[in-house]
There are 2 protein chains.
Amino acid sequence: MNKINPVIDRKTQILDAAEELFAFNGFDGASIRDIAKRAEVQLALIGYHFGPKEQLFESVVTRRAGYFTDCRQTELEEARAAAKGKPIPVKKIVQAYLWPFFERVIDGGPGWKNYAKMMAQIANSRRWQPVVGKCYDESSLIFIDELKQSVPNCSDLTVLSSFQFMIGAMLNVCAETGRYEVLPGGTKNSKDLQSIFADLVPFISAGFREVNKKDHG
Amino acid sequence: MNKINPVIDRKTQILDAAEELFAFNGFDGASIRDIAKRAEVQLALIGYHFGPKEQLFESVVTRRAGYFTDCRQTELEEARAAAKGKPIPVKKIVQAYLWPFFERVIDGGPGWKNYAKMMAQIANSRRWQPVVGKCYDESSLIFIDELKQSVPNCSDLTVLSSFQFMIGAMLNVCAETGRYEVLPGGTKNSKDLQSIFADLVPFISAGFREVNKKDHG
DNA sequence: GTCTATAGCTTGATAGAC
DNA sequence: GTCTATCAAGCTATAGAC
């Protein structure tokens, strides 16, 4: 960040604190007061920089979204180039979508982890769908179109459903709710996410190929 | 519903209203006042019957949990009997887990739909994990053990991860967040859930079989 | 840009009448 | 079991000094 401009740091502090508290307590469970205290900032400053609470929330969602959509786009284009005009192998598309997210949760530090927790909750709620859509719909459409090329026997609804299966699985494990700590076979060590990712890609890819089989449905 | 005992109706009204408002607004976003108004009941009555708000929430989560765990258990036992001592085919286990949930969301009426929406959100949050665990852990363990028999090449972590993939996918689509209405190929008609289920079972089953392959990982 | 102070409202919970 | 009435605490948002 910019030492000449401390305002940026303040705004970043606020966004980080809001992200963390929204992730653990939800939108209504995290008060602006709590966020201000966590950010070591005065209550009124949050309203000054971000407006009403809903706008603050939207700012938190938006902040990291561009990184993911850009990164996914880059990965997809590389896969497209490697395919030389033929349909991209499903596995490559799945990987292009999933990896940027996992990489940040694994290596990005606590902010990215909190973002994942937060997104996992709002993705399953109707309330914030407009905000999520504004950030992610365009990118999703590109992936869905690409998938249609690679699983040509699937109906539009099947491709869309399968895409949602992938997202649901991704968010459920990246939310790190603690479920792995109580069920046997799991650990408290979140570097397991690396091996979960190594399972998820073939798992989802095989799913896509299965519903693409001609005798399906 | 017992016409001799109107108390049961009152309590049911409260649980139904709470379920609906929790599903759409989250725990903190739904006030006891809103719930009382929706249930057409006086504010104080909710506290009288259910105690503090957290207990009301837990009552809502618990109410329908037993139906699912019982129903899944029955389906699993039938599959086990049909397998005659051999490992149950993965697809049968997946179906035994998923079908009771889908069936209720499809045919159970608005209460069950609201329950699904609510569970989709809290399953991805750490906060309510103890409550969810109390209701579902025992049943989950049975399914995980059974899956281990059927995908014997998988590590414990892989089985657990795959189980979470399945749950994430299930909840994401049963939450009916409205995402299907904006992306092409989807409709507003939630009887599509029937065909989503028909895709999900082979999708997830193929995933399990893939990560069970000897050369995997 | 940052602070203090506060207005105005909503919240969860309960005491007490019936 | 159900109601009315109310309290203390917390909430969002903003006005106004610096």
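See above for the structure.
None of the values given here were measured: they were computed from a predicted structure. (Residues numbered from 1 in each chain as written. Chains lettered and ligands numbered in written order. Predicted model: local features only at pLDDT ≥ 70, side-chain atom pairs only at ≥ 80, totals over all residues.)

How should the protein's contact with DNA strand D be read in this particular structure?
By nearness alone, 18 residues border DNA strand D, and Ser-31, Gly-47 and Pro-52 of chain A together with Gln-42 and Ala-44 of chain B come closest of all. Of all the secondary-structure elements, those providing two or more residues to the surface near DNA strand D are α2 (32-39) and α3 (43-50) of chain A together with α1 (6-29) and α3 (43-50) of chain B. Among the elements that take part in the surface near DNA strand D, α3 of chain B stands out by supplying four residues, more than any other. Looking at the surface near DNA strand D, its residues break down into 11 nonpolar, three polar and four charged. (Near = placed C-beta within 6 Å. Helix = DSSP H or I, 4+ residues; strand = E, 2+ residues; numbered from the N terminus. Nonpolar A, V, L, I, M, F, W, Y, C, P; charged D, E, K, R; others polar.)

Whenever I open this one, the protein's contact with DNA strand C confuses me. Can you help?
Residues in close proximity to DNA strand C total 18 residues, the closest being Gln-42 and Ala-44 of chain A together with Ser-31, Gly-47 and Pro-52 of chain B. Secondary-structure elements contributing two or more residues to the surface near DNA strand C are α1 (6-29) and α3 of chain A together with α2 (32-39) and α3 of chain B. Per-element accounting of the surface near DNA strand C gives the leading share, four residues, to α3 of chain A.

Quick question: what am I supposed to make of the packing of helix α10 (residues 192-211) of chain A against helix α8 (residues 156-174) of chain B here?
Packed helix pairs are characterised by how far apart their axes lie and by the angle those axes make with each other. The geometry of α10 of chain A relative to α8 of chain B is characterised by a closest axis approach of 10 Å and an angle of 60° between their N-to-C directions. You can see that α10 of chain A and α8 of chain B cross each other, and the crossing is right-handed. Facing α10 of chain A, whose interface residues are Asp-192, Ser-195, Ile-196, Asp-199, Leu-200 and Phe-203 of chain A, α8 of chain B presents Leu-157, Thr-158, Ser-161, Ser-162 and Phe-165 of chain B. For the contact of α10 of chain A with α8 of chain B, the per-class residue count stands at five nonpolar, four polar and two charged. (Axes fitted to C-alpha atoms, helices over the stretch in contact; angles between N-to-C directions. Left-handed = near helix turned anticlockwise from the far one by under 90°. Contact = placed C-beta atoms within 7 Å.)

What's the story with the relation of the copies chain A and chain B in this structure? I'm lost.
These two copies of the chain differ by a rotation about an axis and a displacement along the same axis. Superposition record for chain A on chain B: RMSD 0.0 Å, screw rotation 180°, translation along axis 0.0 Å. On this basis, the relationship between the two copies can be described by a two-fold rotation axis. Scanning chain A for the C-alpha nearest the rotation axis identifies Gly-168 of chain A, at a separation of 2.2 Å. The share of interface residues of chain A whose copies in chain B are also at the interface is 100%, consistent with both copies meeting through the same surface. (Least-squares fit on C-alpha atoms with pLDDT ≥ 70 in both.)

It is not clear to me how the interface of chain A and chain B should be interpreted in this structure. Could you clarify?
Many authors give the size of an interface as the accessible area that is lost as the parts come together. The partner chain B presents 57 residues to the 57 residues of chain A that form the contact. Looking at the side of chain A that touches chain B, the elements with two or more residues in it are α1, α6 (110-122), α7 (129-150), α8 (156-174), α9 (179-182) and α10 of chain A. The greatest single-element share of the side of chain A that touches chain B, amounting to 15 residues, is contributed by α8 of chain A. Here the residues of the side of chain A that touches chain B are counted per class, giving 26 nonpolar, 22 polar and nine charged.

Just to check I follow, could you spell out unusual backbone geometry for this structure?
Peptide bonds are mostly trans, and most non-glycine residues show a negative phi. All names here are of chain B. Even without a glycine there, the phi angle at Glu-40 is positive, about 55°. Within the secondary structure, Glu-40 sits in the loop between α2 and α3. For Glu-40, a count of 10 C-beta atoms within 10 Å translates into the label exposed. In this structure, Glu-176 is a non-glycine residue whose phi angle is positive, near 45°. Relative to the assigned elements, Glu-176 resides in the loop between α8 and α9 (179-182). (Buried ≥ 20, exposed ≤ 12 C-beta atoms within 10 Å, placed from the backbone.)

Just to check I follow, could you spell out the packing of helix α4 (residues 53-83) of chain B against helix α7 (residues 129-150) of chain B for this structure?
All names here are of chain B. Following both chains from N to C, one finds α4 and α7 inclined at 15°, their axes separated by 8 Å at the closest point. When the interaxial angle is binned, α4 and α7 end up roughly parallel. Two packed elements cross with a definite hand, and for α4 against α7 that hand is left-handed. Of the residues in α7, those touching α4 at Glu-58, Val-61, Thr-62, Ala-65, Thr-69, Arg-72, Gln-73 and Leu-76 are Val-131, Val-132, Cys-135, Tyr-136, Ser-139 and Glu-146. (Parallel < 35°, antiparallel > 145°, perpendicular 65-115°, else oblique.)

Keep in mind these numbers describe shape, not what the thing actually does.
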